[in-house]
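So you can see what is in the structure, the chains are spelled out below.
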Amino acid sequence: MTNATPLRRTLTALAATTLLAGGLLLGQAVTAPTAQAAGKVGTCHVEDMRKQSRDLRDKAAKLKRLGATAEARRVNAQADALDRRIRNCIDGDNEASKPFPR
């Protein structure tokens, strides 16, 4: 066979460019949601959460005094879950990478 014709070279280059551009777009589409999820930062209002936990514990104590022990256990469980979230927020803040010093 002789050298490829200019049309064949053009089509080959066009096909290679299309595949390369498609691969780049596909790669960006796959990583885009991950980057958005990583950038999404949930803020923890620790003082507000502590107040909610205290209020729940007060409510549980009141329910227990009134004789509603099952409801008191449920409310105490909610307060415990809130306390775990507070600890996780504090631990996350302590373990987060710090920005470069100025």
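Residues numbered from 1 in each chain as written. Predicted model: local features only at pLDDT ≥ 70, side-chain atom pairs only at ≥ 80, totals over all residues. Heavy atoms only, no water.

Trainee: Whenever I open this one, the overall build of the protein chain confuses me. Can you help?
Mentor: Secondary structure assignment for the protein chain yields three helices and zero strands. When the helices and strands of the protein chain are placed in sequence order, the string is α-α-α. Burial statistics for the protein chain: of 102 residues in total, 12% are counted as buried. For the protein chain, the computed accessible surface area is about 8900 Å², with 60% contributed by carbon and sulfur atoms. (Helix = DSSP H or I, 4+ residues; strand = E, 2+ residues; numbered from the N terminus. Buried < 20%, exposed > 50% of the residue type's maximum accessible area, 1.4 Å probe, protein only. Areas by Shrake-Rupley, 256 points an atom, 1.4 Å probe, with all protein chains shown as cover.)

Trainee: Before we go on, may I ask you to explain the pattern of salt bridges in this structure?
Mentor: Pairing between side chains of opposite charge can happen when their charged atoms approach one another. Evaluation of the coordinates by the stated rule reveals four salt bridges. The partner of Glu 47 in a salt bridge is Arg 50, and the shortest N-O contact between them spans 3.4 Å. Taken together, the residues Glu 47 and Arg 50, both in helix H2 (residues 46–66) and three residues apart, mark about one turn of the helix. Between Asp 55 and Lys 51 there is a salt bridge, with its nearest N and O atoms 3.1 Å apart. Within this pair, Asp 55 and its partner Lys 51 are both found in helix H2, separated by four residues, close to a single helical turn. For Asp 55, a relative accessible area of 40% translates into the label partly exposed. (Salt bridge = Lys/Arg side-chain N within 4 Å of Asp/Glu carboxyl O.)

Trainee: For this particular structure, what's the right way to read the confidence of the model for the protein chain?
Mentor: Note: predicted coordinates in regions of low pLDDT should not be interpreted at a detailed level. Per-residue confidence for the protein chain gives a mean pLDDT of 80; residues scoring 70 or more make up 75%. The weakest mean pLDDT in the protein chain belongs to helix H1 (residues 6–39) at 65; the strongest belongs to H2 at 95. (pLDDT = per-residue confidence, 0-100.)

Trainee: What should I look at first to understand the state of the cysteines in this one?
Mentor: A disulfide bridge is the covalent bond that connects two cysteines by way of their sulfur atoms. One pass over the full model with this rule turns up one disulfide. Each sulfur of the disulfide joining Cys 44 and Cys 89 lies 1.9 Å from the other. Note on the Cys 44 and Cys 89 pair: the S-S dihedral is about -60°, so by sign convention the disulfide is left-handed. You can see Cys 44 sitting in the loop between H1 and H2 and its partner Cys 89 sitting in helix H3 (residues 69–95), a full 45 residues away along the chain. On the basis of relative accessible area, Cys 89 is assigned to the buried category, the value being 11%. (Disulfide = S-S within 2.5 Å.)

Trainee: Even after reading the chapter, I still don't get the nonpolar core, so can you show me in this structure?
Mentor: The nonpolar side chains of soluble globular proteins are, as a tendency, buried together. Judged by nonpolar contacts, Val 46, Met 49, Leu 56, Ala 60, Leu 63, Ala 72, Val 75, Ala 79, Leu 82 and Ile 86 together constitute the single largest core of 10 residues. Looking at this core, the elements with two or more residues in it are H2 and H3. If sequence neighbours within four positions are ignored, Ala 60 has contacts with Ala 72, Val 75 and Asn 76. (Core = buried A, V, L, I, M, F, W, Y, C linked by side-chain atoms within 4.5 Å. Contact = heavy atoms within 4.5 Å.)

Trainee: Whenever I open this one, the packing of H2 against H3 confuses me. Can you help?
Mentor: Contact pair H2 / H3: the axes reach a minimum separation of 8 Å and the direction vectors enclose 165°. Relative to H3, H2 is oriented roughly antiparallel. Our pair here, H2 against H3, has a crossing hand that is left-handed. Here H2 contributes Val 46, Met 49, Arg 50, Gln 52, Ser 53, Leu 56, Arg 57, Lys 59, Ala 60, Leu 63 and Lys 64 to the contact with H3, which in turn contributes Glu 71, Ala 72, Val 75, Asn 76, Gln 78, Ala 79, Asp 80, Leu 82, Asp 83, Arg 85, Ile 86 and Ile 90. Tallied by class, residues from the contact of H2 with H3 come to 11 nonpolar, four polar and eight charged. (Axes fitted to C-alpha atoms, helices over the stretch in contact; angles between N-to-C directions. Parallel < 35°, antiparallel > 145°, perpendicular 65-115°, else oblique. Left-handed = near helix turned anticlockwise from the far one by under 90°. Nonpolar A, V, L, I, M, F, W, Y, C, P; charged D, E, K, R; others polar.)

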